[in-house]
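Chain by chain, the residues:
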Amino acid sequence: MNIVFMGTPDFAVPCLKALIDSDNKVTGVFTQPDKPKGRGYKLTPPPVKVLAEENNIPVFQPTSLKKGEDAENALKTLKELSPDLIVVVAYGKILPKEVLDVPKLYCMNVHASLLPKYRGAGPIQWSVLNGEKETGVTTMLMAEGLDTGDMLMKKSTEIGENETASELHDRLSLIGAELLIETIDAIKQGNVTPVKQNDDESSYSPMLTKDMCPIDFNKTAREIHNQIRGLSDWPCATAIMGEKRIKIYKSHIVENVKGTAGEIVDADKFIVCCGDNNGIAVDEIQAEGGKRMKTADYLRGNKIEKGIKLS
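Residues numbered from 1 in each chain as written. Predicted model: local features only at pLDDT ≥ 70, side-chain atom pairs only at ≥ 80, totals over all residues. Heavy atoms only, no water.

> Help me understand the layout of surface pockets, please; the structure alone is not making it clear to me.
Using a probe with the size of a water molecule, rolled over the atoms, empty space left in the structure can be pinpointed. Size it by volume and the largest pocket reaches roughly 1,700 Å³. When residues in the lining of the largest pocket are grouped by element, the largest group, four residues, is from helix α6 (residues 165-189). Split by residue class, the lining of the largest pocket holds 27 nonpolar, 15 polar and eight charged. Taken together, Met241, Gly242, Lys244, Ile246, Ala287, Glu288, Tyr298, Asn302, Lys303, Ile304 and Ile308 make up the lining of the second largest pocket. Considering only residue class, the lining of the second largest pocket consists of six nonpolar, two polar and three charged. (1 Å grid on protein atoms, 1.4 Å probe; cavity = no way out; pocket = protein on both sides within 12 Å on 5 of 7 lines; lining within 4 Å. Points joined across faces, edges and corners; volume = space filled by probe spheres on them. Helix = DSSP H or I, 4+ residues; strand = E, 2+ residues; numbered from the N terminus. Nonpolar A, V, L, I, M, F, W, Y, C, P; charged D, E, K, R; others polar.)

> So what exactly am I meant to see when it comes to the environment of glutamine 125 here?
Its place among the elements puts glutamine 125 in helix α5 (residues 123-129). Those residues in contact with glutamine 125, other than ones at most four positions away along the chain, are Ala165, Leu208 and Gly230. (Contact = heavy atoms within 4.5 Å.)

> Before we go on, may I ask you to explain the pairing of strand β6 (residues 85-89) in this structure?
A regular strand places its side chains on the two faces of the sheet in alternate fashion. When you tally the buried positions in β6, you get five out of five residues, the bulk of the element. Both faces of β6 are covered, namely the face carrying Leu85, Val87 and Val89 and the face carrying Ile86 and Val88. In terms of strand pairing, strand β1 (residues 2-7) meets β6 through five bridges, oriented parallel. Its bridge partner lying in β6, isoleucine 3 is registered against leucine 85. (Buried < 20%, exposed > 50% of the residue type's maximum accessible area, 1.4 Å probe, protein only. Pairing = 2+ DSSP bridges.)

> Help me understand the pairing of strand β8 (residues 134-141) in this model?
Burial analysis of β8 places seven of its eight residues in the buried class, the great majority of the element. In this structure, strand β7 (residues 106-111) lies alongside β8, joined through four bridges in antiparallel fashion. Bridging across to β8, valine 110 finds its partner in threonine 139.

> How should the packing of aromatic side chains be read in this particular structure?
In this description, a pair of aromatic rings is defined by centroid distance and the angle of the planes. For the structure on display, the rule yields one aromatic pair. Residue placement shows arginine 292 over the ring face of tyrosine 249; its charged tip is 4.0 Å from the ring centre. (Phe/Tyr/Trp six-rings, centres within 6.5 Å; stacked < 30°, edge-to-face > 60°. Lys NZ or Arg CZ within 6 Å of the ring centre and 35° of its normal.)

> I would appreciate a short explanation of the sheet that holds strand β5 (residues 59-60) in the present structure.
Strand-to-strand pairing in sheets goes through backbone hydrogen bonds, with the strands running parallel or antiparallel. The strand order across the open sheet formed by seven strands is β5-β2-β1-β6-β7-β8-β9, and the pairing between neighbours is mixed. If you trace the sheet from one side to the other, it starts and ends with β5 and β9 (151-158), each paired once.

Written out as structure tokens, the structure reads:
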């Protein structure tokens, strides 16, 4: 089956790799333009482009698919590639109807949630932020709405008690690759029936912002723990200790602690009291101007005092 792949970040790489290793033929890859990164603002290719070029697959990086000469050329190229399927995984651009209509069979998407829950840009992070116990991946037909197309197949997985969004991201990218191949095989065999989403059961997961970072220690330990997990590795939950900001990447809940909200009740284990008289133990930290490290390593070189308050 001839496939055009559209994707950009790390999450999409296992899906492209799985297609390359399968008996399908990837005839072209569409990805976002290179972007400046790092202190030197060096133009850096997206991870999907790197993998595609390593496998001698033609890469196309239009700035727009909606209007202008770039969009016209992209549509022309897509039609010339004449794909049976267009597979979209975290591409980062909304596809116009003209693109959706190009493939002979389907334009399909791999989405990191159990649709119709968590449509939108941040399904992995919001499933953790909201304390969900389960999530997964859905393959779906592309429609003009935001993640509203008919569902093809699903694969679910439990979310670990202390699993961060970053860790879950990596697991779901691999699950998504498995599900993608299973879905394509089912399409070939005629064993897949698109199922409409129930809009009444839908929820939206917007992009994360840095406004979400500061921790309010008056909240429950569970809420704070979920915030830390859901914002790790970016944009990361933060607190003020003394006059300096710290980033907290990992934590676990400690029940029944005595203290006031934000108070460090155990300096050796970096346990902070929360608003429900339970606490969070800080497991990974980054001090202002420092490197991310395990809290045990941080405490070897930095003394903190019991009783001080984080805010």
